[in-house]
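Descriptive structure summary
What follows is each chain in one-letter form.
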Amino acid sequence: MVAISLSAGAVARIRFAVSCLWEVVASARVLRDPGDHAVHLPWVRRVRPALLDAGLVGSDGSLLWQLVPAPPGYLADFLTPPHSGLIPDLTAELAVLRATPAATVRAHLDLYPGERTPTLAALYADPPAGLRRLTEEIEAYWRIALAPHWPRLRLLLDADVTARARTLAEDGAAVLLNDLHRQVRWEDDTLLVAQRRCLAPDVADGPGLVLVPSVFVWPSVLSVSAGDAPQLAYPARARHRLGASEGRAGSAGRRDRSRAGPVAHRADLAGQHHRAGPA
């Protein structure tokens, strides 16, 4: 169980962020274990063949694939640095990822169990070069797996943020936090997240908690306690099958598949890492 004590100032600074990298990481976990994500099976069937052809999944040589294990395996925090707002921008997020300090990369890699593969060993030996390779893989993954669906994904994520921001404004932080997911509850000035083997620092008067809606994190939640602000990725409320929505979103998705822009309408180290709670 993760227990994060939030000061009054931290509660006042709860904010939302919509992140491309969170969807990359969460969707890669879906591909690792599609049987646990039945709602996304049409998407899996559609994108897996092209990702296999590109060597991005099911390959010992893919860095992204090796960094994203099946749930509930450890997932490095540096893969999802906190995003600054509601306008997702893959290019900007990848720039932050490439700038991850070498010491942070190595510290998080040290938390992966078992013997390090040659691909992960190369990242450990030369983090700047490895991060450049990783961001190139993520760009290719994005073009194949997510860009065609991004307009529909944005609509779902934006709708969730709008609804929950209204809840926060009308009913307050306690109602908002207790409505995020069955594994999350707020009581006695503490945010409790039902996750395994994970500790998290208290949040005093810093930047506050970042709430990240995600289509692909369903049916669980993912949390990060590393860095300046803890993040909690939770399932967006409306999760329609992506295969059924492609017709409406496809033409818009072809406009720009390297940069995700707005749609028209708008670790103590033992604990500083992603954890997925039980389904």
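Keep in mind that this is a model prediction, so the values were computed, not measured.

The rules behind each value
Residues numbered from 1 in each chain as written. Predicted model: local features only at pLDDT ≥ 70, side-chain atom pairs only at ≥ 80, totals over all residues. Heavy atoms only, no water. Helix = DSSP H or I, 4+ residues; strand = E, 2+ residues; numbered from the N terminus. Buried < 20%, exposed > 50% of the residue type's maximum accessible area, 1.4 Å probe, protein only. Areas by Shrake-Rupley, 256 points an atom, 1.4 Å probe, with all protein chains shown as cover. Phe/Tyr/Trp six-rings, centres within 6.5 Å; stacked < 30°, edge-to-face > 60°. Salt bridge = Lys/Arg side-chain N within 4 Å of Asp/Glu carboxyl O. Axes fitted to C-alpha atoms, helices over the stretch in contact; angles between N-to-C directions. Parallel < 35°, antiparallel > 145°, perpendicular 65-115°, else oblique. Contact = heavy atoms within 4.5 Å. Nonpolar A, V, L, I, M, F, W, Y, C, P; charged D, E, K, R; others polar. pLDDT = per-residue confidence, 0-100. Expected span 1.5 Å × (residues − 1).

Turning our attention to the overall build of the chain. A count of helical and extended segments in the chain gives 12 helices and 8 strands. By residue count, 53% of the 279 residues in the chain fall in the buried class. Carbon and sulfur atoms make up 53% of the accessible area of the chain, which amounts to about 11500 Å² in all.

Another aspect to go through is the packing of aromatic side chains. Inspection of every chain in the model, using the stated rule, returns 3 aromatic pairs. Measuring from centroid to centroid gives 4.7 Å for Trp 43 and Phe 216, while their planes differ by 55°, and the two rings are tilted. Here the residue Trp 43 occupies a position in helix 3 (residues 41–53), and Phe 216 occupies one in the loop between strand 5 (210–214) and strand 6 (222–224), the gap between them amounting to 173 residues. Here Trp 43 matches Phe 216 in class, with each residue buried. Seen in terms of ring centroids, Tyr 74 and Tyr 112 are 4.6 Å apart; in terms of plane orientation they differ by 80°. Their pairing is edge-to-face. Residue Tyr 74 is located in the loop between helix 4 (63–67) and helix 5 (90–98), and its partner Tyr 112 is located in the loop between helix 6 (102–109) and helix 7 (118–125); the two are separated by 38 residues in the primary sequence.

Tallying each qualifying case throughout the model produces 5 salt bridges. In this structure, Arg 166 engages Glu 170 in a salt bridge whose closest nitrogen and oxygen atoms are separated by 2.9 Å. Placement of the pair is Arg 166 and Glu 170 together in helix 9 (residues 150–171), with a separation of 4 residues, close to one helical turn. Given a relative accessible area of 56%, Arg 166 falls into the exposed group.

So, about the packing of helix 2 (residues 20–32) against helix 3. At a minimum axis distance of 11 Å, the contact between helix 2 and helix 3 shows a crossing angle of 90°. Judged by the inter-axis angle, helix 2 sits roughly perpendicular to helix 3. Taken together, the residues of helix 3 that come into contact with helix 2 (itself represented by Ser 27, Val 30 and Leu 31) are Trp 43, Val 44, Val 47, Arg 48 and Leu 51. When its residues are assigned to classes, the contact of helix 2 with helix 3 shows 6 nonpolar, 1 polar and 1 charged.

On to the confidence of the model for the chain, then. Caution applies to low-pLDDT parts of the model: their predicted coordinates are not meant to be read in detail. Residues of the chain with pLDDT of at least 70 account for 73%, and the chain-wide mean is 79. Confidence, read as mean pLDDT per element, is least for helix 12 (residues 268–271) in the chain (30) and greatest for helix 8 (residues 127–146) (98). Throughout residues 197–205 the model reports pLDDT below 50, and contacts reaching past four residues in sequence, or to other chains, amount to 32 contacts. Below a pLDDT of 50 lies the segment residues 243–273, which in the model reaches 65 contacts outside its immediate sequence neighbourhood of four places, other chains included.

When the terminal C-alpha atoms of helix 9 are compared, their 31 Å separation across 22 residues agrees well with the 32 Å that a helix rising 1.5 Å per residue should span. Taken together, the buried positions of helix 9 are Trp 150, Pro 151, Arg 152, Leu 153, Arg 154, Leu 156, Leu 157, Asp 158, Asp 160, Val 161, Arg 164 and Thr 167. After helix 9 finishes, the residue Gly 172 shows a positive phi value of roughly 95°.

Next up on the list: the side chain of Thr 167. Within the secondary structure layout, Thr 167 lies in helix 9. In this view, Thr 167 contacts Gly 172, Val 175, Leu 176 and Arg 237; residues no more than four positions away in its chain are not counted.

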